[in-house]
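An overview of the molecular structure
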Amino acid sequence: MATSLPNQNIAARKRPSRQAWGRVIVYALLLFWTFVSLFPVYWTVTTSFKVAADVTQGHLIPWVDFTPQWRGWRSLGLSPETIGQTSTVRDEFLKRFQNSVVISVGASFLAVALGSLAAYGLSRFQYRFGKLGNRDLAFFFLSQLILPPVVLAMPFLVLYRELALLDTRIGIILLYTLTVLPIVIWIMRDQFQSIPIELEEAAFIDGASIWGAFFRIILPIALPGMVAAFILSLVLCWNEYFFAALLTSTNANTLPVMLASQTGSQGVNWWSMAALATAAILPLAIVGILLERYLIKGLTAGAVK
Amino acid sequence: MPPAPSATASAAPVRAAPDPARRQAIGRGLFWAATALLLAAVLVQGLHSAGWTGVGFANWRPVLYAYVLWSVAVCASQVLRHGQQGQRALFVLPAFLFTLAVVVFPTVFGLFIAFSDWNLSSFTGRQFNGIDNFVAMLNDPYYWNAMGNMVIYVLAVLVQYAIAFGLALLLNAEIRARKFFRVAFLLPFMLSPVAVSWMIGKSLMEYRFGPLAQAARFLGWDSPAFFATPWVARASIIALDSWVSIPFIMILLLAGLQAMPKDIMEAARIDGATGWQSFWKITFPLMLPVSVTAIVLRIIFQLKLADIVINTTAGGPGGATDTVTSFIYREYRDRSNVGYGTMLAEFYFVLIVIFLTVLLALINRWMKRFPTT
């Protein structure tokens with residue numbers, strides 16, 4: 001369990017005032033939750049370097065109670081000695097990995113492009129499509145969020161079979177775009193609303209067209225928000241399992257599908273599952289660590305009106 | 001097909017079009033030509049797939065291309081015919097046409113499937129069977145059991161919210177290494193629920209060797225089977241789901257906390273309010289709008305909960321952890337029972353719409369009564 005020794009020492013040296021104890025508790029709680037958040041990840045990463053005995057005996061700390069070995073990564077064909085050789089598992093993995101990258105990046109890109117344009121329109125202009133006003137349009141877009149995936153699954157299966165889009169990347173990209181579009185519009189509308197309209201008015205006076213003002217003035221300002229929307233979409237698409245499991249079979253299935261299909265069959269071959277899980281979560285973990293502040297900033301605008 | 005939008009001008013200069021009549025004509029011509037093309041494609045392929053004519057395409061893909069072409073033509077004709085207003089319409093039109101295409105057909109077709117007896121693994125194909133599926137649904141104990149579970153899972157959102165609020169307060173306190181803690185707390189949200197099902201559900205909680213099971217033994221629980229009895233299994237699933245989704249609520253709440261005016265808290269401190277008082281009297285009421293957003297969003301996501309259940313327990317033991325989505329997933333995947341599964345899904349969708357409408361109405365009413373907002 002996590003302890004907060006350094007802080008207790010500091011607190012012990014001074015007279016333990018109320019405030020000092022408060023700080024000790026705050027840091028203890030922080031460290032405790034850090035442990036809760038990181039331990040499963042730590043466990044997975046280390047397990048991918050274990051052999052059977054280390055798993056059954058519950059060894060936890062590398063180099064202290066077990067010697068790390070490439071066991072798990074070798075089974076994936078990604079360890080140093082197997083990286084040069086041909087490996088069917090690695091080819092399979094890389095294919096799934098590539099699918100995941102193409103699909104999640106493609107869908108996020110499409111959603112951010114469509115969603116940002118729509119959000120900008122909704123935040124700046126008054127529309128009337130027949131009886132539909134801005135509020136109805138916004139509701140139309142945002143209400144797609146509550147559509148449960150099970151409702152779409154079967155019609156899409158039939159539709160995609162007729163369109164020859166079943167088990168293709170582009171089919172999954174379109175579907176994922178639909179599922180993340182409401183979130184993108186939700187974030188981007190508040191982003192655009194927080195940009196003062198005077199900026200465009202000045203651009204119009206200088207002779208810019210509507211689209212010119214949008215691309216030259218507004219887009220650069222709204223870029224951090226778009227990054228946030230992009231990351232959020234990326235997370236949701238990369239991790240999506242339900243549609244991928246139902247609508248793909250051999251060509252277009254993504255990492256979660258591969259992961260799920262391995263889960264049952266591996267038994268206590270934990271090292272190979274751990275290596276696979278590590279490889280599946282690593283890209284987003286890196287994205288998360290590098291771009292976390294954009295995510296927070298973007299959602300700040302989304303959540304706080 | 002959307003009629004002409006009319007946008008009220010904000011502050012854009014009015015430019016004289018070179019030849020308005022000609023542009024109008026081109027725009028209109030373009031629109032009707034594309035419409036004719038789309039209709040022709042639908043007609044040709046419709047007749048072909050009905051078996052009435054021999055002329056046609058191998059699949060419906062060309063109709064999709066025709067729709068894309070039609071969408072482009074609609075956008076172009078808007079600009080040609082309505083100038084500036086058309087340019088404004090161009091912002092929402094792509095998203096609108098996209099959503100229309102991918103949502104309208106599936107929902108309409110879904111209703112069609114829902115009222116038919118259609119099992120993909122049987123050879124009889126689709127047959128209309130009226131309300132048989134509906135009657136079967138009413139008498140399906142497993143479906144209603146899954147519904148009952150959904151109530152529990154949705155209620156668990158409140159617990160997640162409470163924990164997330166605590167974490168957001170911690171991160172908003174004056175602490176060192178704030179960025180480190182923020183990244184660490186956020187990390188679980190980035191991870192795939194399928195991976196998490198294995199990482200926690202299938203290995204950390206594994207009965208024999210899982211560290212969590214070992215720890216539970218150490219703490220005096222003799223047989224730490226996390227997925228064997230209904231309530232323990234439900235609690236385990238909720239714990240797994242919370243681990244992934246608490247960070248999401250936490251970010252939203254943290255954003256709210258950081259946007260809160262500092263001087264109010266300062267004033268409260270000077271007036272001698274304790275931490276507890278200033279939380280309940282100031283922080284919590286000010287955070288209500290953000291809280292409501294976070295909770296409603298989370299409930300919407302929670303109603304789709306499936307990945308973790310499918311991959312950890314497959315609904316077991318005895319359906320105790322089943323969500324509606326995971327139950328219907330098995331209906332599709334294992335029993336290929338498309339007609340019945342879709343009826344379950346459509347009914348669930350109707351329930352969700354009613355539930356969320358009522359919930360939002362109640363929240364609106366309740367928020368109005370609140371003094372500070």
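Calculation criteria
- Throughout, residues of each chain are indexed from 1 in the direction in which the sequence is written.
- The naming scheme follows written order: chains are lettered A onward, ligands numbered 1 onward.
- A pLDDT threshold of at least 70 governs which residues receive local features in this predicted model, and a stricter bar of 80 or more applies before side-chain atom pairs are shown or counted, although totals over entire chains, interfaces and linings include all residues.
- Think of it this way: any DSSP run of H or I at least four residues long counts as a helix, any run of E at least two long counts as a strand, and we number them from the N terminus.
- We compute the radius of gyration over the C-alpha atoms and compare it with the globule rule, which gives 2.2 Å times the number of residues raised to the power 0.38.
- Buried residues are those with 20 or more other C-beta atoms within 10 Å of their own C-beta, exposed residues have 12 or fewer, and partly exposed residues lie in between; C-beta atoms are placed from the backbone.
- Here contacts are defined at the residue level, using C-beta atoms placed from the backbone and a cut-off of 7 Å between them.
- Either an automatic procedure or a domain database provided the assignment from which the domain bounds are taken.
- We call Asp, Glu, Lys and Arg charged. Ala, Val, Leu, Ile, Met, Phe, Trp, Tyr, Cys and Pro are nonpolar, and the rest, Gly among them, are polar.
- You can read pLDDT as the predictor saying how much it trusts each residue, on a scale of 0 to 100.
- Geometry is summarised by axes, namely lines fitted to C-alpha atoms with helices restricted to the contacting stretch, and by angles between N-to-C directions that run from 0 to 180 degrees.
- Angles are sorted into four bins: roughly parallel if under 35 degrees, roughly antiparallel if over 145, roughly perpendicular if 65 to 115, and oblique for all others.
- By the definition used in this description, the sense in which the near helix is turned from the far one sets the handedness, with an anticlockwise turn below a right angle giving left-handed and a clockwise turn giving right-handed.
- By definition here, a helix of n residues has an expected span of 1.5 Å times n minus one.
- A residue's bend is simply the angle between two axes: one fitted to the seven residues ending at it, one to the seven starting at it.

1. A closer look at the overall build of chain B
A count of helices and strands for chain B gives 14 helices and two strands. Since a compact globule built from 373 residues should have a radius of gyration of about 21 Å, the 28 Å found for chain B marks it as more spread out than a globular shape. Residues classed as buried in chain B amount to 39% of the 373 residues present.

2. Details of the overall build of chain A
The helix and strand tally for chain A stands at 13 helices and zero strands. Listed by position from the N terminus, the elements making up chain A come as α-α-α-α-α-α-α-α-α-α-α-α-α. For 305 residues, the compact-globule formula gives about 19 Å, and the C-alpha radius of gyration of chain A, at 25 Å, lies well above that figure. For chain A, the C-alpha atoms occupy an extent of roughly 70 × 70 × 35 Å along the three principal directions. Considering chain A as a whole, with its 305 residues, one finds that 46% of them fall into the buried category. The contacts of chain A with a sequence gap of at least 6 include a subset with a gap of at least 24, amounting to 71%.

3. Quick word on the domain arrangement of chain B
Residues and elements named next belong to chain B. For chain B, the domain assignment lists domain 1 (20-114) and domain 2 (135-369). Measuring from the centre of the C-alpha atoms in domain 1 to the corresponding centre in domain 2 gives 41 Å. Classifying every residue of the side of domain 1 that touches domain 2 by side-chain character gives three nonpolar, one polar and no charged.

4. With respect to the confidence of the model for chain A
Put simply, chain A has an average pLDDT of 83, and 91% of its residues get 70 or more. Mean pLDDT in chain A bottoms out at helix α1 (residues 5-13) of chain A, which sits at 47, and peaks at helix α5 (residues 88-124) of chain A, which reaches 91.

5. Topic: the interface of chain B and chain A
Contacts between the two partners involve 88 residues from chain B and, on the opposite side, 83 residues from chain A. Ranked by the residues each element gives to the side of chain B that touches chain A, the list is headed by helix α3 (residues 84-114) of chain B, at 16 residues.

6. Some thoughts on the environment of S291 of chain B
Along the chain, S291 of chain B turns up in helix α11 (residues 275-302). Spatially, the C-alpha atom of S291 of chain B lies 10 Å from that of A162 of chain B, the residues being 129 residues apart in sequence.

7. A word on the packing of helix α6 (residues 178-190) of chain B against helix α9 (residues 230-258) of chain B
Residue and element names in this part refer to chain B. In the contact formed by α6 and α9, the axes pass within 7 Å of each other and the chain directions differ by 125°. One finds that α6 runs oblique with respect to α9. Read as a crossing pair, α6 and α9 show a hand that is left-handed. Touching F185, L186, P188 and F189 of α6 are W243, V244, P247, F248, M250 and I251, all from α9. Looking at the contact of α6 with α9 residue by residue, the classes come out as 10 nonpolar, no polar and no charged.

8. Here we look at the environment of V196 of chain B
All names here are of chain B. Summarising the element assignment, V196 is placed in helix α7 (residues 193-204). Residues V196 and I175 lie 21 residues apart in sequence; the distance between their C-alpha atoms is 29 Å. Other than its neighbours up to four places away in sequence, V196 contacts L191, L240, W243, V244 and I308.

9. Observations concerning α9 of chain B
All names here are of chain B. End to end, α9 covers 41 Å across 29 residues, agreeing with the expected 42 Å (1.5 Å per residue, within 8%). If you look at α9, its biggest bend is around 40°, right at W243, and the proline P247 turns up within four residues after that. The buried fraction of α9 is high, at 21 of 29 residues.

10. Thoughts on unusual backbone geometry
Here D167 of chain A, not a glycine, exhibits a phi torsion of approximately 60°, which is positive. As for its position among the elements, D167 of chain A is in the loop between α7 (149-163) and α8 (169-193). The exposure class assigned to D167 of chain A is partly exposed, which follows from the 16 C-beta atoms found within 10 Å. Positive phi is not limited to glycine here, since A177 of chain B has a value of about 55°. Mapped onto the fold, A177 of chain B is located in the loop between α5 (141-172) and α6. In this structure A177 of chain B comes out as exposed when scored by C-beta crowding, with 12 C-beta atoms within 10 Å.

11. Describing the packing of α5 of chain A against α8 of chain A
Residues and elements named next belong to chain A. It is at 6 Å that the axes of α5 and α8 come closest, and there the two elements cross at 40°. When the axis of α5 is compared with that of α8, the two are oblique. Viewed along their axes, α5 and α8 form a crossing whose handedness is right-handed. Taken together, the residues of the contact of α5 with α8 break down into 20 nonpolar, eight polar and three charged.

12. Comments concerning the confidence of the model for chain B
Residues and elements named next belong to chain B. Of the residues in chain B, 93% reach a pLDDT of 70 or more, and the chain-wide mean stands at 83. Across chain B, the element-wise mean pLDDT spans from 74 in strand β2 (residues 127-128) up to 92 in α5. Low pLDDT (under 50) marks residues 1-16, which in the prediction has 25 contacts with non-local residues, meaning those over four places away or in another chain. Scored as a whole, the predicted complex attains pTM 0.86, and scored at its interfaces, ipTM 0.85.

13. Focus on the environment of D132 of chain B
All names here are of chain B. Within the element layout of this structure, D132 appears in helix α4 (residues 132-138). A tally of 16 C-beta atoms within 10 Å means that D132 is categorised as partly exposed. Spatially, the C-alpha atom of D132 lies 9.8 Å from that of A114, the residues being 18 residues apart in sequence.

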